[in-house]
Amino acid sequence: MFTDLLAGCLLSNALSRDRRPCVRSISWSPVGMAPNFGCLLAVCTTEGHVKLYRSPFCDFCAEWIEVIDISDRLYVYLARTNFGESEILNSEIVHDQTTQVKLGDNHADVFPSTITGKERKRRRGHTTNGINGEKSHAGSGSHTDTREEKLHKIPADQYASRSDMLSSIVVAWSPVLCLSSKICTAAQDVSSPRFSIFAVGGKSGKISIWRIHAPQCYSIEHSRVSPGVVLVGILQAHISWVTAINLALLGSKANNQVLLASASSDGSVKIWLGNGDELLESESSNAPFFLLKEVIFGSFVPVSVLSLVTPVQAPHKILLAVGKGSGSIEVWTCDIPSCKFDKVCSQDAHDYVVTGLAWAFDGCCLYSCGQDNYVRSWLLCGNSLCEVSIPSCTPSLRSSTDLPDVFFSCMGVASSPGNLVVATVRNLDIEQLDHMYEARAQKAIVEFFWIGGQEIDMLSNTSQDFIKESFLGFSKSELLYWESNILWCLKTFENPDKPLVIWDIIASLLAFKQLMPDYVDHVLASWLAMLYLGSDTDLSINEVLTRISPNLTKITSRQLHMLNIICRCLVLSVLKADEINSKLNFEEPTSAAGEQQTLWIELLSRSEKELRERLLVFSFSFSAKNFSATGYWRPVGIAQMEQWIQLNQDHVNDQVKVLASEIQKHKSRLSSDVYRVEEQCSYCSASVPFNSPEIAFCEGVKNSNVDVQNHKLVRCAVSMQVCPATPLWHCKCCNRWASKLAPETLFTMPGYPVDLKSLVAEELTKPLCPFCGIQLQRLQPDFLLSATPV
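Starting afresh in each chain, residues are numbered from 1 along the sequence in its written order. Selection of residues for local features in this predicted model requires a pLDDT of at least 70, selection of side-chain atom pairs for listing and counting requires 80 or more, and totals for whole chains, interfaces and linings are taken over all residues. Side-chain numbers come from the whole structure's heavy atoms, not from hydrogens or water.

1. A short note on the overall build of the protein
If you tally the helices and strands in the protein, you get 17 helices and 32 strands. Partly exposed describes any residue whose relative accessible area lies between the buried limit of under 20% and the exposed limit of over 50%, with all areas from a 1.4 Å probe on protein chains only and scaled to the type maximum. The proportion of buried residues among the 790 residues of the protein is 52%. A separation threshold of at least 6 residues defines the contact pool for the protein, and within that pool the share at least 24 residues apart is 60%. The helix count covers DSSP runs of H or I at least four residues long, the strand count covers runs of E at least two residues long, and both are numbered beginning at the N terminus. Should any heavy atoms of two residues lie within 4.5 Å, those residues are counted as being in contact.

Right, dumping it as structure tokens:
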């Protein structure tokens, strides 16, 4: 045993257990992988253990909830396949009730890091004598043979090899993939399976490929259902430690091709290509990825981080940034049809290890950080990479340079969804902190940099005549770059496949609004003119607002959602959501509120009316078709929608009225949940009349002794029915509630539906607000981390 401990193969293995392990690698899943349509968080510890967690959206606690232990699943697979070794173990592989695999007497004796809490409890009470499971008390001394004599012993090199297979280093997710049409059959549901590829790289040089399925339906009340997790296969990617992984889709989602970039401690970097259909079907020992190119061959400099992107403007082009332990950065480009890789440049970017890389502005800009505590910005121009300064003047009220000099090093960098903010995690110098309280409470700090004024001319049609001179420290060129970059970001979010998360755009415009309100009006006028009028004009914001109302039927639902968010969160930010809803449904806007605010409220009212009518078209059309088969969205609340049309006869489209009249012919065959006129209060069972699509008041129970108490109820934003007294979906933007979900097709409509026969609504619906397009969530207590609405 002593000679085994001195073996060189054990130098990289820890024979003791860290009771408080640190995090080595983390990775967020795409939106929609959690039961509430949120994200899963993958955590890899320094012990090499990988687990998936979800947010505590229905558990009323601050700690995140463990979903699945990937390392335990990996051990089960490796034990079944004998760790890929040719020699067959004499010990029998047995499964216990917790799906843990016992190798010989116990696999934890061979791999101490895999001991579970249940196993520790069993060990304290008794030991197991042999495979037959006979129990003997630990302190009895009645048995002369010890546990060690019954254990299956393996040599040191075999232990090291198995330990490397179970020791994970880095984790990464792919974007969401969908089943291609060629695999769909008539026998299958209309909804296509959605899944993400989860890759785990380890010390053995292998990458385990996992298929994590998105939930079939989403809920904010039930979360006990574990996600579908399948080990697709194991890829022998390198001959030494896998130190970095990055995944991306090649081209559009319809191609279903996944790019996998992997790097190793020996300095090698490889690009792999996998097909989504094969990844969905495969459950073999070999992962369905084939080597596209070994970009960098092995060297003495390990690779620390990778960043892979496929630009939207050039979907068949790959941009790969490689960060190394020496502090240098390499940038490679690849043309997929010709499989031609070109090295753009190699830069000595940092004095120490490169710890983070992030592409922004569709691959035009690259941000890097390192252990030397620097964050740098690089501009990709053709086949060259040049360093540019990060904008020092920001729209925020406080600059990051005002913070004390307590940062020690940068640990990672990421860009915001709108590409206007870069966030970096900084380590703290403990000696610079107050040991009374700061040294205990603060472990790291996330610092944000505004990059909206980066010198990138994303849109060249900005109005230079409006900005004639510098203002409040902003030069004329910086303001032009801010305008260009904001308009470009808004343009990118018009794609309905991209989650509508525009908090950085709203935050930047809110900050500018405090300093330069005329500049914000100019940017919004340029955006609205391009979006609704088809050209960038020099009209004022009031002139644009008066001209775009007739064109609302011709624009997409996503554009309407963006307009509603900007109206509520930016232009009308001084008003609360309930105040805005009251003005839209009960009060007529007056000129006392100001001409411009009145125009915005009227525009918001017309935009929401347009979206409501599109939802009504879906509901009436599918009620008439009477789709009862599984796989299709089924509308409810038809009676309440008819009552809303009667209250708004003068403002409703004629097509909606015709559809409503058709429903009367088929009313007798509609089920009670689809067509229910009489509604009751969930508190006193009194009847509830329909007066508004937002709220309702029951008639109350009449009592001679006390006054009639009318309960205030909320109505579902989708069905207009009174919401039940159960946990409801909530929109943080418009403060509406929903008990039902709208069809997913509503959010991808190119305009007001003309051909009703072509309407299709799948059963798989995302919990999105029909008026704002953002993710609905459960209203959480203040002590929980809650996602921002935009």
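Having seen the model, we can carry on.
2. Let's talk about helix 17 (residues 654–665)
Note that an α-helix has 3.6 residues per turn; residues three or four places apart therefore point the same way. Between the first and last residue of a helix there are one fewer steps than residues, each counted as 1.5 Å, and that sum is the expected span. The first and last C-alpha atoms of helix 17 sit 18 Å apart over 12 residues, in line with the 16 Å expected at 1.5 Å per residue. Among the residues of helix 17, Val-656, Leu-659, Ala-660 and Ile-663 are the ones counted as buried. Mapping the buried residues of helix 17 onto a view down its axis gives an arc of 105 degrees, with all of them on the same face. Opposite the buried face of helix 17, by more than 90 degrees, sit the exposed residues Asp-654 and Lys-665. Residues adjacent in sequence count toward polar contacts only when both atoms are side-chain atoms; beyond that, a polar contact is any pair of N or O atoms within 3.5 Å, and within protein one must be able to donate a hydrogen and the other to accept it. The opening residue of helix 17 is Asn-653, an N-cap whose side-chain oxygen sits 2.8 Å from the backbone nitrogen of Gln-655. Our arc is simply the arc of the directions from the helix axis toward the C-beta atoms.

3. A short note on the packing of helix 16 (residues 638–647) against helix 17
At a minimum axis distance of 11 Å, the contact between helix 16 and helix 17 shows a crossing angle of 135 degrees. With respect to helix 17, the element helix 16 is oriented oblique. Regarding helix 16 and helix 17, the two cross each other, and that crossing is left-handed. Across the interface between the two elements, Ile-638, Glu-642 and Ile-645 from helix 16 touch Val-656, Lys-657, Ala-660, Ile-663 and Gln-664 from helix 17. Ten residue types, Ala, Val, Leu, Ile, Met, Phe, Trp, Tyr, Cys and Pro, are classed as nonpolar, four, Asp, Glu, Lys and Arg, as charged, and the remainder, Gly among them, as polar. Its residues placed into classes, the contact of helix 16 with helix 17 shows five nonpolar, one polar and two charged. Only the stretch in contact is used when a helix axis is fitted, and all axes are lines through C-alpha atoms; the angle between N-to-C directions ranges over 0 to 180 degrees. What sets the label is the angle itself: under 35 degrees gives roughly parallel, over 145 gives roughly antiparallel, 65 to 115 gives roughly perpendicular, and the rest give oblique. The hand of a helix crossing depends on one turn: near helix anticlockwise from the far one by less than a right angle means left-handed, and clockwise means right-handed.

4. What to know about the sheet that holds strand 26 (residues 407–415)
Remark on secondary structure: sheet strands pair via backbone hydrogen bonds, oriented parallel or antiparallel. Strands sit in the order 26-27-28 across an open sheet of three strands; the sheet is antiparallel. Strands with a single pairing partner mark the edges of an open sheet, and in this sheet they are strand 26 and strand 28 (444–450). When the angles between neighbouring strand axes are averaged without regard to direction, this sheet yields 30 degrees. One requirement defines pairing of two strands: DSSP has to find at least two bridges between them. Strand direction decides the pairing type here: strand 27 (residues 421–428) and strand 28, joined by seven bridges, are antiparallel. If you follow Arg-426 over to strand 28, its bridge partner there is Ile-445.

5. So, the nonpolar core
By convention a nonpolar core is built from buried Ala, Val, Leu, Ile, Met, Phe, Trp, Tyr and Cys residues, the set being connected through side-chain atoms within 4.5 Å. Phe-198, Leu-528, Trp-600 and Phe-620 are the most contacted members of the largest nonpolar core, which has 144 residues in total. If you tally residues by element for this core, the top one is helix 15 (residues 595–625), at 12 residues. Residues within four places of Leu-528 in sequence aside, it is in contact with Leu-533, Ile-541, Val-544, Leu-545, Ile-548, Leu-563 and Trp-600. Membership of the second largest hydrophobic core comes to 23 residues, among which are Ile-169, Phe-195, Ala-199 and Val-242.

6. A closer look at the sheet that holds strand 2 (residues 41–45)
In spatial order, the strands read 1-2-3-4; together these four strands make up an open sheet with antiparallel pairing. The strands lining the two open edges of the sheet, one partner per strand, are strand 1 (23–28) and strand 4 (65–69). Each adjacent strand pair in this sheet contributes to an overall mean axis angle of 30 degrees, direction not counted. Here five bridges tie strand 1 to strand 2, and the two strands are oriented antiparallel to one another. The residue of strand 2 that forms the bridge with Trp-28 is Leu-41. This element, helix 2 (residues 70–80), spans strand 3 (50–54) and strand 4 of the sheet and lies at about 15 degrees to strand 4.

7. Looking at unusual backbone geometry
The backbone phi angle of Phe-83 is positive, close to 60 degrees, even though this residue is not glycine. Tracing the backbone shows Phe-83 in the loop between helix 2 and strand 5 (93–95). A positive phi angle, close to 75 degrees, is found at Asn-373, a residue other than glycine. Along the chain, Asn-373 turns up in the loop between strand 23 (365–370) and strand 24 (375–381).

8. Quick notes on the state of the cysteines
We call a pair of cysteine sulfur atoms a disulfide whenever their separation is within 2.5 Å. Under the defined criterion, the tally for this structure stands at zero disulfides. With no disulfide of its own, Cys-681 lies closest to Cys-684 among cysteine sulfurs, the gap being 3.8 Å. You can call Cys-681 buried: its relative accessible area is 4%. Cysteine Cys-698 shares no disulfide, and the gap to the nearest cysteine sulfur, in Cys-684, comes to 3.7 Å.

9. Re helix 16
Of all 10 residues making up helix 16, seven are buried, and the element is well covered by its neighbours. Buried residues of helix 16: Ile-638, Ala-639, Gln-640, Met-641, Glu-642, Trp-644 and Ile-645, and no others.

10. Focus on the environment of Val-200
With respect to the element layout, Val-200 can be found in strand 11 (residues 194–202). When its relative accessible area of 4% is taken as the criterion, Val-200 is described as buried. Along the chain, Val-200 and Val-242 lie 42 residues apart, while their C-alpha atoms are 8.9 Å from each other.

11. Focus on the confidence of the model for the protein
Per-residue confidence from the predictor is given as pLDDT, running between 0 and 100. Of the residues in the protein, 77% have a pLDDT of 70 or more, and the chain-wide mean is 80. Between the elements of the protein, mean pLDDT differs from a low of 32, seen in strand 6 (residues 101–103), to a high of 96, seen in strand 9 (residues 168–173). Across residues 181–190, where pLDDT falls below 50, the model places 11 contacts with residues more than four positions away in sequence or in other chains. The model gives residues 396–403 a pLDDT under 50, and that stretch makes eight contacts with residues more than four places away or in other chains.

12. Observations concerning the environment of Leu-746
Inspection of the secondary structure puts Leu-746 in the segment after strand 32 (737–738). Judged by its relative accessible area of 0%, Leu-746 falls in the buried class. Spatially, the C-alpha atom of Leu-746 lies 7.8 Å from that of Pro-770, the residues being 24 residues apart in sequence. Those residues within four positions of Leu-746 in sequence are excluded, and the remaining contacts are Ser-557, Leu-611, Arg-614, Leu-615, Phe-618 and Pro-770.

13. Digging into the pairing of strand 22 (residues 354–360)
Extensive coverage of strand 22 is indicated by the burial of six of its seven residues. Pairing analysis gives six bridges linking strand 22 to strand 23, with the strands arranged antiparallel. Note on strand 23: the bridge partner recorded for Gly-356 is Cys-369. In this structure, the hairpin formed by strand 22 and strand 23 is closed by a connection of four residues, where Phe-361 is found at a positive phi of approximately 55 degrees.

14. Comments concerning the packing of aromatic side chains
Put simply, two rings from Phe, Tyr or Trp (the six-membered ring, in Trp's case) pair if the centres are within 6.5 Å, and we call them stacked under 30 degrees between planes, edge-to-face over 60, tilted for the rest. Taken as a whole and assessed by the stated rule, the structure comprises nine aromatic pairs. Considering the side-chain rings of Trp-28 and Trp-64, the 5.6 Å spacing of their centres and the 65 degrees angle between planes classify their relative orientation as edge-to-face. Here Trp-64 lies in the loop between strand 3 and strand 4 and Trp-28 lies in strand 1, a separation of 36 residues in the sequence. Note on Phe-618 and Phe-622: the rings are 6.2 Å apart at their centroids and 20 degrees apart in plane angle, and the pair reads as stacked. Of this pair, Phe-618 and Phe-622 are both found in helix 15, four residues apart, which corresponds to roughly one turn of the helix. Connected via pairs of aromatic rings, a cluster forms that spans Trp-450, Trp-482, Phe-512 and Tyr-519. Geometrically, a lysine NZ or arginine CZ counts as sitting over a ring once it is within 6 Å of the ring centre and also within 35 degrees of the ring normal. Taking the ring centre of Phe-493 as reference, the NZ or CZ of Lys-498 above it sits at 4.3 Å.

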